[in-house]
Structures are given as structure tokens and as C-alpha cells.
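# Analysis of the macromolecular model
Residues per chain are reported as follows:
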Amino acid sequence: MADGDESAKLWKVNRTIHELVRDRGYQVADEEINMDLQRFREIYGTGAGIADRGKLNFYTSSPKDPTDQIFVYFSEERSVGVKTMRKMLGILEQRNIQRGIIVFPGNMTPSARKVIVAMAHQYRLEEFSESDLLVNITHHTLVPRHDVLSQEEKKLLLEKYRLKETQLPRIQMADPVARYYGLRRGQVVKITRPSETSGRYASYRICF
């Protein structure tokens, strides 16, 4: 890929990951999302005319709970291995952050994915390839609005309709929208769709 195309790709990826983090309730500056390509190249470019992935790393916190932080790590290694995962975990440990997202150019080795599972008791780690983030899927016209319910909202929903969790329709953790919002097992998402008769209607799905 040409240098110009590579920086344009990372510009799109950077915008989507900031939108994803913001949509999960974390603080993100509008400038990061609305930044044009020229400005992106000025801030994150290198002398060679390509974007420096190391400069794209960032962490932020929830405005409701400053201790709830998330770190986004851009891997410079095309095929992410255990070494890269250890480097990321070292940063999380140093900053005392329990949630991390790794973004990589190519793929992730089976050994690296095992690290995510092995460290699940201490860290909540997620992974996205850059190709996953070229387009924000929640902006697609065919994707309805999704809102993740709090535990209290979930409780009220089940009580209101006298339902058990097992009676709710399901959404898989591997679903692209579920991955975007970082849904965990047992979380419920409200899906609002347009309706020709009532304007709009809501349905609910539980992650499994």
C-alpha cells in the first residue's frame, strides 16, 4: 500500500476507534473524531510520510467514574504475537488500567489470543484488526440504533414484562455490533427500529 493510502486508512481507523470508545461512555475530544486527513498527517505523520502507530495510542476515563479507564494500543507488529501482548499488558499494569483494546494491521496469532483468555481474571482485553475499523458499522443505514442497558434498567425491563433472562432473544458476543459496544454475557441491548405504523419500536436482546 502506498504511503498516502496507508495514512488515509489509519485516519479512518483512528476516527472509528475514538467513536467506539465514546459510544461506550468514555471521554473523547470532538477534535479526534472530526479531524481531517491533513491535520491527522500533521500530528501523527512521520518524516517518511506515513502515520506513526505508536503516536496513536491513547487512554481515557469515564466521566461518571474516573477510575474506569480504557487504553487503546496500536500494534506496529503486523502479526500480533505474545511479545506484543506482554508489552501492552506492561503498559496496563504501569498505569493501573484494567481494560484494553489492541488494534493491529494484520492478524493475531493463536498464542496471543490465549493471552487474552489467560488474563481475563485481571484484565478485560479486546482485539480489532484495522480492517474491522475502516468503517463504523453503527453508522450504516441498515443498522438500527443500539443502547446498552444498565443493570438497573435490565432489572426493571424484566420486572415490567415479567420475563426471565432466558426468555429474551439473543445476540452473540461475536456479533459485530456486540463487539463494537463491548457487550458481555448477560448484558441487554435495546434496539430501536423505524416503524411505518408507530414511528419506531424497540426490541431487546441479551448477550450470550
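No experiment lies behind these values; they were computed from the predicted model shown.

## Some details on the packing of aromatic side chains
Taken as a whole and assessed by the stated rule, the structure comprises 3 aromatic pairs. Relative to Tyr 44, the ring of Phe 40 has its centre 5.1 Å away and its plane inclined at 45°; by these criteria the two rings are tilted. Within this pair, Phe 40 and its partner Tyr 44 are both found in helix H3 (residues 37-44), separated by 4 residues, close to a single helical turn. You can call Phe 40 buried: its relative accessible area is 1%. Owing to a relative accessible area of 9%, Tyr 44 belongs among the buried residues under this scheme. For the ring pair Tyr 180 and Tyr 181, a centre distance of 5.0 Å and an interplane angle of 80° mean the geometry is edge-to-face. In terms of burial, Tyr 180 and Tyr 181 fall into one category: buried. For the cation-ring pair, Arg 15 lies above Trp 11, with the distance from its terminal atom to the ring centre recorded as 5.0 Å.

## Considerations on the pattern of salt bridges
If the charged atoms of two oppositely charged side chains come close together, the side chains can form a pair. Applying the stated criterion to the full structure yields 11 salt bridges. We note a salt bridge from Asp 23 to Arg 22, for which the minimum N-O separation is 3.7 Å. Given a relative accessible area of 31%, Asp 23 falls into the partly exposed group. We note a salt bridge from Arg 99 to Glu 126, for which the minimum N-O separation is 4.0 Å. Remark: Glu 126 occurs in strand S6 (residues 124-129) and Arg 99 occurs in strand S4 (residues 99-104); sequence separation between them is 27 residues. When its relative accessible area of 18% is taken as the criterion, Arg 99 is described as buried. Salt bridges sharing partners connect three or more residues here, namely Glu 6, Lys 9, Arg 53 and Glu 130.

## Observations regarding the pairing of strand S2 (residues 69-74)
Taking burial as the measure, the 6 residues of S2 include 5 buried ones, the bulk of the element. Two elements, strand S1 (residues 58-61) and S2, share 4 bridges in a ladder whose sense is antiparallel. The partner of Thr 60 across the bridge, within S2, is Ile 70. Across 5 bridges, S2 lies against S4 in parallel orientation. Counterpart to Tyr 73 in the pairing with S4 is Ile 102.

## Quick look at the UniProt feature "domain: RNA polymerase subunit H/Rpb5 C-terminal" (unreviewed entry) in the protein
Sequence positions flagged by UniProt for "domain: RNA polymerase subunit H/Rpb5 C-terminal" (unreviewed entry) are, in local numbering, residues 135-207. Helix makes up 22% of residues 135-207 and strand 32%, with an end-to-end C-alpha separation of 23 Å.

About the thresholds
Residues numbered from 1 in each chain as written. Predicted model: local features only at pLDDT ≥ 70, side-chain atom pairs only at ≥ 80, totals over all residues. Heavy atoms only, no water. Phe/Tyr/Trp six-rings, centres within 6.5 Å; stacked < 30°, edge-to-face > 60°. Helix = DSSP H or I, 4+ residues; strand = E, 2+ residues; numbered from the N terminus. Buried < 20%, exposed > 50% of the residue type's maximum accessible area, 1.4 Å probe, protein only. Lys NZ or Arg CZ within 6 Å of the ring centre and 35° of its normal. Salt bridge = Lys/Arg side-chain N within 4 Å of Asp/Glu carboxyl O. Pairing = 2+ DSSP bridges. UniProt positions renumbered as here; feature names shortened; annotations may be inferred.

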